[in-house]
Amino acid sequence: MREALDSLFEKAKTICILGHTRPDGDCLGSTLGWKNYLKTRFPEKAVTVFLMEANSKFSYLPGFSEIRHDIPKDEFDLALICDCGGYDRLGEYGRLAKNAKERYVVDHHITSSGEEFPYHTILPDASSTCEISFDLMDERYFTKEVATCIYTGIIHDTGVFKYTSTSSHTMEIAGKCMDKGIAFSSIIDDGFFMKTVNQQRVTGKVLLDGRLYMEDRIFASSLSMKDMESFSVDQKDVDGIVSVLRETKEVDGVIFLYEVGNNTYKVSLRSNNTALDVSAVAAHFSGGGHKMAAGCSLKGDVASILEKIIAELRKQMDAPDFPSNKQ
Ligand code: 5GP
Ligand code: MN
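Residues numbered from 1 in each chain as written. Chains lettered and ligands numbered in written order. Predicted model: local features only at pLDDT ≥ 70, side-chain atom pairs only at ≥ 80, totals over all residues.

A separate point is the overall build of the protein. When its secondary structure is counted, the protein shows 12 helices and 11 strands. Its C-alpha atoms give the protein a radius of gyration of 20 Å, within 12% of the compact-globule value 20 Å for 327 residues. For the protein, the C-alpha atoms occupy an extent of roughly 60 × 40 × 40 Å along the three principal directions. A total of 327 residues make up the protein; the buried ones form 44% of that total. Considering only residue pairs separated by 6 or more positions, the protein has 65% of its internal contacts joining residues 24 or more positions apart. (Helix = DSSP H or I, 4+ residues; strand = E, 2+ residues; numbered from the N terminus. Rg over C-alpha atoms; globule rule 2.2 N^0.38 Å. Buried ≥ 20, exposed ≤ 12 C-beta atoms within 10 Å, placed from the backbone. Contact = placed C-beta atoms within 7 Å.)

Here is the structure:
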C-alpha cells in the first residue's frame, strides 16, 4: 500500500489534500499531517490542503493558516482524500477530486467501501485516519509538526484513548509523537476538553432537555438554531456535546440533533453497547461513520426525525438476543 501511494506522490507535481465537510480533529490532523510530511519529503512539489471550513480551535496545527477554502480552477495531478470514502462527503470539493488525474483515499470509516476509489487504504479497525497515515509514512520525515497533527487526530477519534478502537499500536504511535516533543498536554486539554462558558451552558441545557426513549434504552436531546442563538453559540461550538450525552450509564445509545438550517437537522449517534451498530442506522439515512459513532442529516422536525431513527434502532435493539445495558 505504501509503495502504491509513494509512486503516486513521486509522479505528481501538484497535490491537493481533501477531507470531509465539517472537518473534525482526525480530518484536520490527517490532512495537515500529510501536508507537513510532504513538505519535508518532497519540498519541490506544490501541496495544498482544501477544506470547506475549519474550526479555529485547531489553529495550533502547523499549516492551519494555509488551508484554502476557495474553489480553484486547477486540475491537480493527485488528490489525497483523508477521513472520507465518498465524493458526496467532500462537499464542493468532490469536483476537485473527480477532476484530479489520480486519487488516493486514506480512511477508517466502516461505511467507506472504497468502490469509488480504486487506490485506497481503508481500515475500519484503525482508531483514526491519523493512525493509518502514520503507518503509510516514512518515519525519516516524521517531524514534530507532523507528530502534532497525528497526535491530534488520534486523541480526537479515540476520545483521548478511551474508545474500543484504541489499540496498543495506537498507543505506540502516540508515544512516537510524544518523543518528538509535542505539546501533548495542551493538545488534549485546550483542544479537546476546554469549553467556553457559553458552550458549558448550552451543554447544560441539552442535558436538562434530554429524554429517555425506547423503554429507557436511548437518551436523546436536541438544539434548535434559536437555542444556539440564545446561547451565542454556533454549529461548530456544539459538536462536543454528543460526547457528554454519551457518558450516560444505563442506556445503550444516545441521539443528539442540532439544527443546521433548511429544515434540516444534523443527527449524531453514539453507541454505549458493542452490540449496537449505529453506523448501520446512519447508513440507512445516507450517512455513515463507525459502529460506535455515526451521523447523518435529516429533514423535518425533531419528533419526526427521532421517530425515524428509533424505528431503525429497533431493528437491532428489539431482537430477542439483544443484550441491553438497562439495569
Ligand atoms: P459526528 O456525530 O461526530 O458528527 O460524527 C460521528 C462519525 O460519523 C464521524 O466519523 C463522522 O465522520 C461520521 N459522520 C457524521 N455525519 C456523517 C454523514 O452525514 N455522512 C457520513 N458518511 N458520515 C458521517
Ligand atoms: Mn476519523
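Anyway, onward from the coordinates.
The UniProt record annotates "domain: DDH" (unreviewed entry) at residues 15-154. Along residues 15-154, the helical share is 30% and the strand share 17%, with 24 Å between the first and last C-alpha atoms. (UniProt positions renumbered as here; feature names shortened; annotations may be inferred.)

Now for the site of ligand 1. Close contacts around ligand 1 come from 16 residues, with Ser268, Gly287, Gly288, Gly289 and Gly295 the closest. At the level of secondary structure, the elements contributing two or more residues to the shell around ligand 1 comprise strand S10 (288-289) and strand S11 (293-299). Of the residues forming the shell around ligand 1, the biggest block, five residues, is contributed by S11. For the shell around ligand 1, the class distribution of residues is four nonpolar, 10 polar and two charged. (Near = placed C-beta within 6 Å. Nonpolar A, V, L, I, M, F, W, Y, C, P; charged D, E, K, R; others polar.)

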